[in-house]
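# Observations on chain architecture
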Amino acid sequence: MSILVTGGAGYIGSHVALELLSKNEEIVIIDNMQKGHKSAILGGKFYKGDIRDREFMDEVFSRNDISAVIHFAANSLVGESVTVPLKYYDNNVYGTQCLLEKMVEYGVKHIVFSSTAATYGEPERIPIQETDRTLPTNPYGDTKLAIERMLRWCDEAYGIKSVCLRYFNAAGAHKSGMIGEDHRPETHLVPIVMEAALGKREYVQIFGDDYDTPDGTCIRDYIHVSDLAKAHILALESLRAGNGSKVYNLGNGEGFSVKEVIECARKVTGREIKSVISPRRAGDPAVLVASSDRIRKELGWSPEEDDLETILSSAWEWHRKHPDGYPD
Ligand code: UDP
């Protein structure tokens, strides 16, 4: 029996794949390699292909005894999604529809889904609870919310049980130093700050300093990618134990502003990191901080690397060792 990891050559997918391998799970990774990296795949079977390609998906499902799916394959850039929304509906929503069709066809009943804090939009209150209003302010969040809804109806119709994990801001790298964060082009704050520390960028752009926050810059809840990865194992165990479909937030419950992240990175790296104030980025809510009480209580999740300095130190380790990212 194997776990199918879609998008397993990406940042979070590769960390979850490694966590599964460390638990002696058999895994099958699929990735279309538009954003993934060959060197981020450290074990298991690998098939290159797209979740929207029915023939390809048939090959994967027919050749392997898949018992559950952990689904990462998606486009995930807030800014880009505002510019080219249809790319997001196609890859994320339609892609997941294709995946679910195969799960129905092959009788696979368990899926852990990579969702996002962007499903909430402008939060009603902080920290955000799972029961709070979901009104995305960008197409990326909207596609993820549409998928959550699709999953709910697939449970009703086909008995497919899902755990949707609404990630806040994943950051950091695996302690082995073998895998880390490498997006091309890079748009995420933490790797951009590290590139500035390495001298690969002249400065970090701060997208807006006129938000309604103490220092005017956006506040986010940064969570170590390894703590995130561990939650996927717990989610899988919960489904295997026969529990029903669930939605969980995943964050540390503490928010840091863009300026605070840059300041902490200066401390961790000992490097000068220049910053300039730039216009706001479309679709960015001012503050996103999670309440993770539900997953702590129900699945016993507790983060081990939850302070910002630890998270940024692990990111720095990765970027120092891999100044040009992955070789492929
Ligand atoms: N951000 C920034 N400069 C950058 C990249 C990001 O000021 O070069 C801000 C962004 O506006 C957001 C926060 O940093 O408030 C985190 O952005 P990121 O893209 O890392 O993650 P997201 O919150 O979009 O998932």
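Below is a short write-up of the structure. Fair warning: this is a prediction, and the values are worked out from it, not measured in the lab.

## Here we look at the site of the ligand
Near the ligand, the surroundings consist of 15 residues, among which Leu189, Gln205, Phe207, Arg281 and Asp284 are the closest. One of the side-chain nitrogen or oxygen atoms of Asn169 is found 3.0 Å away from an oxygen atom of the ligand. In this structure, Leu189 approaches the ligand through a main-chain N or O atom, which is 2.8 Å from an oxygen atom. At the level of elements, helix 6 (189-197) and strand 8 (204-207) are the ones that each hand at least two residues to the shell around the ligand. Of the residues forming the shell around the ligand, the biggest block, three residues, is contributed by strand 8. Of the residues contributing to the shell around the ligand, the split by class is eight nonpolar, four polar and three charged.

## Let's talk about the nonpolar core
If you look at the biggest cluster of nonpolar residues, it comprises 33 residues, and the most contacted ones within it are Ile3, Ile12, Leu20, Leu165, Leu250 and Ile295. For this core, the secondary structure elements donating two or more residues are strand 1 (2-6), helix 1 (11-22), strand 2 (27-31), strand 4 (66-71), strand 6 (161-167), helix 7 (225-240), strand 11 (246-250) and helix 9 (293-299). Residue contributions to this core peak at eight residues, all from helix 7.

## Description of the packing of aromatic side chains
Tallied over the entire structure, the rule returns two aromatic pairs. Seen from their ring centres, Trp318 and Tyr326 are 4.9 Å apart, and the 55 degrees between their planes marks the pair as tilted. Residue classification places Tyr326 among the buried residues on the basis of a relative accessible area of 5%. Across from the ring centre of Tyr211, 3.8 Å away, lies the NZ or CZ of Arg280, which sits over that ring.

## Thoughts on the sheet that holds strand 2
Strand order in the open sheet made by the seven strands is 3-2-1-4-5-6-11, with parallel pairing throughout. Strands at the two margins of the open sheet, each flanked by one partner only, are strand 3 (45-48) and strand 11. Recorded for the sheet is a direction-independent mean angle of 20 degrees between the axes of neighbouring strands. Two strands pair when backbone bridges link them, and strand 6 and strand 11 are joined in this way by five bridges, in the parallel orientation. Paired with Val163 across the strands is Lys246, a residue of strand 11. The sheet strands contacting helix 4 (residues 85-105) are strand 1, strand 4 and strand 5 (110-116), and the helix crosses strand 4 at an angle near 170 degrees.

## Observations concerning the packing of helix 1 against helix 7
The N-to-C vectors of helix 1 and helix 7 enclose an angle of 60 degrees; their axes lie 9 Å apart at closest approach. With respect to helix 7, the element helix 1 is oriented oblique. Pair helix 1 / helix 7 crosses with right-handed handedness. The segment helix 1 lies against helix 7, with Tyr11, Ile12, His15, Val16, Glu19 and Leu20 engaging Val225, Ser226, Leu228, Ala229, Lys230, His232, Ile233 and Leu236. In terms of residue class, the contact of helix 1 with helix 7 is made up of nine nonpolar, three polar and two charged.

## With respect to the environment of Ile70
By secondary structure assignment, the location of Ile70 is in strand 4. Between the C-alpha atom of Ile70 and that of Asp132, which follows or precedes it by 62 residues, the distance is 25 Å. Excluding residues that lie within four positions of it along the chain, Ile70 makes contacts with Ile3, Leu4, Val5, Thr6, Val16, Leu20, Val112 and His232.

## Focus on the environment of Leu234
The residue Leu234 is located in helix 7 in this model. Residues Leu234 and Ile295, 61 residues apart in the sequence, show an inter-C-alpha distance of 9.3 Å. Sequence-distant contacts of Leu234, that is, excluding residues within four places in its chain, are made with Leu299, Gly300 and Trp301.

## Section: helix 5 (residues 139-158)
Taking 1.5 Å of rise per residue, 20 residues should cover 28 Å, and helix 5 covers 27 Å from first to last C-alpha, within 8% of that figure. Those residues of helix 5 not exposed but buried are Pro139, Tyr140, Gly141, Thr143, Lys144, Leu145, Ile147, Glu148, Met150, Leu151, Cys154 and Asp155. Next to the buried residues of helix 5 lie helix 3 (78-83), helix 4, strand 5, strand 6 and strand 11. Gly159, located one to two residues past helix 5, shows a positive phi value of around 75 degrees.

Parameters at a glance
Residues numbered from 1 in each chain as written. Predicted model: local features only at pLDDT ≥ 70, side-chain atom pairs only at ≥ 80, totals over all residues. Heavy atoms only, no water. Near = heavy atom within 4 Å. Polar contact = N/O pair within 3.5 Å; in protein donor to acceptor, adjacent residues only side chain to side chain. Helix = DSSP H or I, 4+ residues; strand = E, 2+ residues; numbered from the N terminus. Nonpolar A, V, L, I, M, F, W, Y, C, P; charged D, E, K, R; others polar. Core = buried A, V, L, I, M, F, W, Y, C linked by side-chain atoms within 4.5 Å. Buried < 20%, exposed > 50% of the residue type's maximum accessible area, 1.4 Å probe, protein only. Phe/Tyr/Trp six-rings, centres within 6.5 Å; stacked < 30°, edge-to-face > 60°. Lys NZ or Arg CZ within 6 Å of the ring centre and 35° of its normal. Pairing = 2+ DSSP bridges. Axes fitted to C-alpha atoms, helices over the stretch in contact; angles between N-to-C directions. Contact = heavy atoms within 4.5 Å. Parallel < 35°, antiparallel > 145°, perpendicular 65-115°, else oblique. Left-handed = near helix turned anticlockwise from the far one by under 90°. Expected span 1.5 Å × (residues − 1).

Read these as layout, nothing more, since geometry by itself doesn't imply function.
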